[in-house]
Amino acid sequence: MKKIIAISAGQTYSKKVNNLIREKIKYLNYGLLGLVTILKHYGNLDITMFQGEQYSAEGIFKLIESSGINIYNDCDYFLLSIPSYYSVSWCKEFCRIAKLRYGKKIIVGGRWVVDNHCDWIKEKLIYIDKIIEGFGEKKLAKYFDLVDCYNIEEGNKKCFDFFDYNLLFNYQKYQPCIEISRGCGSGCQFCADKNFKRIANKSIKLVSHELEILDQLYDHYSIYFQAPHFIFEKEWVNNLYKLMNNRTNCNFWRCTTRVETVPISMLNQLKESGLKVLDIGLESASKQQLLNMHKTVYPEKYLEMAENLLLACKENDIWVKFNLLLYAGETFDTIKETTNWLLEHKSLIKYVSVSSLVYYYNMDSISELIKLGASIPSGEYIENNGYINLNLSPEISHETASSLSYQIPKLIASQKDFYDIKNISYFENGYTYNQFLQDIKKCDLSTLPFYLNDDYKQKEKGVKI
């Protein structure tokens, strides 16, 4: 029997500053877990999955050994998933150790990172034996010569049927998810999924089966219904309501969607089905920036829809988390336009997550971003890391944008808001609010994306943009 250790790579560098609070956030690499599940259940392979998280490359080997696995005897292959360009330097050290110390074969995948850049990956990770481009379901099945590999559909046509959490080391620490759909195809300039046509929602029958599996693993849990662009198909929602209405183990669910996609008339039914958090890619409240990033061609109507959605969600006790992107061409005026809109609707917004545009190898030509005012900082080369931290305009440098990504959320969200929103699907299972308060005291306050409230006996007045 082939023995495989699957690794979701950690990061030597991070887009966000690490602190004790961030270490409690567990981002499950559900794509790798889905592949591991297929290899186990179609091929009966001996396979275990580990997540790199805050471990160093050396540290993950120590974790594997401490779990009871003898790498020399209990491993034939390492299956390494690269979820981010920020993981490449971590993977370089991991592969060096895996090959030179243990002499194992290394298979590498990670669609957003390796696709169309295999030569660059081979140059960075000189010890790897095999690269899997694109979706890995069928390719890995063929590589390991699974008997039923021809019955496995390609990943651009079908979601994972289920996840076998027992294959994930310390799975109890991770809040579970169910993959509902793939792709988006809405055409936003910054999105890797902009041209990948969305596939239909997974059947409620399969969702029901997955919930039954999770009921055996968790006493109480919340679910992230994973989809780059969640669509609320009427019949699907009706069936979900019937399914969730009789459940006791699963408390809440959340999903990621777009402003114009959420059917306000269905919010009450969605609430009754357990919907608690909507992660919505607002991206900006600057009309010009919305046009620049091709988010909408009618920014006034778009923001009106966002306001109506906020009001309806408040009425139905559904939390809204907005995702914002500081984009090429950003100025202090456009940022002020966005923050003014956020402050006007502050009582309706649970949290905002803010990122600054980074140019990645897998994006279209950088020339369009430069036309909008972005520039490449001195000494930054895409070949070095696979990404460039851009200056967004002559006014907004990369350093300024990074600082704003922490300051803007402080205008909107308290520490309790942040805890609440992360406690559904993100924080490590069992991480209590009191533990969260204690960890705040050990953090550099400038790295916290929320304002402190009376629970901590200290207040911030927010920031001035």
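For the structure itself, look to the data block above.
Quick summary incoming for the structure in this document. (Residues numbered from 1 in each chain as written. Predicted model: local features only at pLDDT ≥ 70, side-chain atom pairs only at ≥ 80, totals over all residues. Heavy atoms only, no water.)

The next subject is the sheet that holds strand 4 (residues 105–109). Strand order in this open sheet of 5 strands is 2-1-3-4-5, and the pairing throughout is parallel. Because the sheet does not close on itself, it has two edges, and the strands there are strand 2 (46–51) and strand 5 (130–132). Put simply, the sheet's adjacent strands are angled 20 degrees from each other on average, direction ignored. One ladder, built from 6 bridges, connects strand 1 (residues 3–8) with strand 2; its direction is parallel. Bridge pairing in strand 2 links Ile5 to Thr48. (Pairing = 2+ DSSP bridges. Helix = DSSP H or I, 4+ residues; strand = E, 2+ residues; numbered from the N terminus. Axes fitted to C-alpha atoms, helices over the stretch in contact; angles between N-to-C directions.)

Moving on, we come to the pattern of salt bridges. Tallied over the entire structure, the rule returns 22 salt bridges. The partner of Glu233 in a salt bridge is Arg198, with the nearest N and O atoms 3.9 Å apart. Here Glu233 is found in the loop between strand 7 (221–226) and helix 10 (234–244), whereas its partner Arg198 is found in the loop between strand 6 (177–179) and helix 9 (204–217), with 35 residues between them in sequence. Taking relative accessible area as the criterion, Glu233 reaches 29% and is therefore assigned partly exposed. Measuring nitrogen to oxygen at the nearest pair gives 3.9 Å for the salt bridge that ties Lys295 to Glu283. Residue Lys295 is found in the loop between helix 12 (287–292) and helix 13 (299–315), and its partner Glu283 is found in strand 9 (residues 275–283); the two are separated by 12 residues along the sequence. As far as burial versus exposure is concerned, Lys295 and Glu283 are alike and both buried. Through salt bridges with shared partners, a single ionic network connects Lys350, Lys416, Asp417 and Asp420. (Salt bridge = Lys/Arg side-chain N within 4 Å of Asp/Glu carboxyl O. Buried < 20%, exposed > 50% of the residue type's maximum accessible area, 1.4 Å probe, protein only.)

Attention shifts here to the sheet that holds strand 9. The parallel open sheet is built from 6 strands, whose spatial order is 6-7-8-9-10-11. Of all strands in the sheet, those bounded by a partner on one side alone are strand 6 and strand 11 (351–356). Taken over all neighbouring pairs, the strand axes of this sheet differ in orientation by 20 degrees on average, direction set aside. Sheet analysis places strand 6 next to strand 7, joined by 3 bridges and oriented parallel. Paired with Ile178 across the strands is Phe225, a residue of strand 7. Contacts from helix 17 (residues 398–412) reach strand 10 (319–326) and strand 11 within the one sheet, and its direction differs from that of strand 11 by about 170 degrees. (Contact = heavy atoms within 4.5 Å.)

Attention shifts here to the nonpolar core. If you look at the biggest cluster of nonpolar residues, it comprises 161 residues, and the most contacted ones within it are Ile7, Phe78, Phe94, Phe225, Trp253, Phe322 and Phe436. Apart from residues lying up to four places away in sequence, Phe78 is in contact with Ile5, Ile7, Phe61, Ile64, Ile71, Phe94, Ala98, Lys104, Lys105, Ile106 and Ile107. (Core = buried A, V, L, I, M, F, W, Y, C linked by side-chain atoms within 4.5 Å.)

Now for the packing of helix 14 (residues 332–344) against helix 17. Interaxial distance between helix 14 and helix 17 falls to 10 Å at its minimum, and their mutual angle equals 20 degrees. When the axes of helix 14 and helix 17 are compared, the pair comes out roughly parallel. Of the two elements, helix 14 crosses helix 17, and the hand of that crossing is right-handed. For the pair formed by helix 14 and helix 17, the contact residues are Phe332, Ile335, Thr339, Leu342 and Leu343 on the first element and Thr400, Leu404, Ile408, Leu411 and Ile412 on the second. (Parallel < 35°, antiparallel > 145°, perpendicular 65-115°, else oblique. Left-handed = near helix turned anticlockwise from the far one by under 90°.)

The next thing to look at is the pairing of strand 10. With 7 of 8 residues buried, strand 10 is to be regarded as a mostly interior element. With 6 bridges connecting them, strand 10 and strand 11 associate as parallel partners. Note on strand 11: the bridge partner recorded for Asn323 is Ser353. Read as a crossover between parallel neighbours, the route from strand 10 over helix 14 to strand 11 is right-handed. (Right-handed = clockwise from strand over helix to strand, strands pointing away.)

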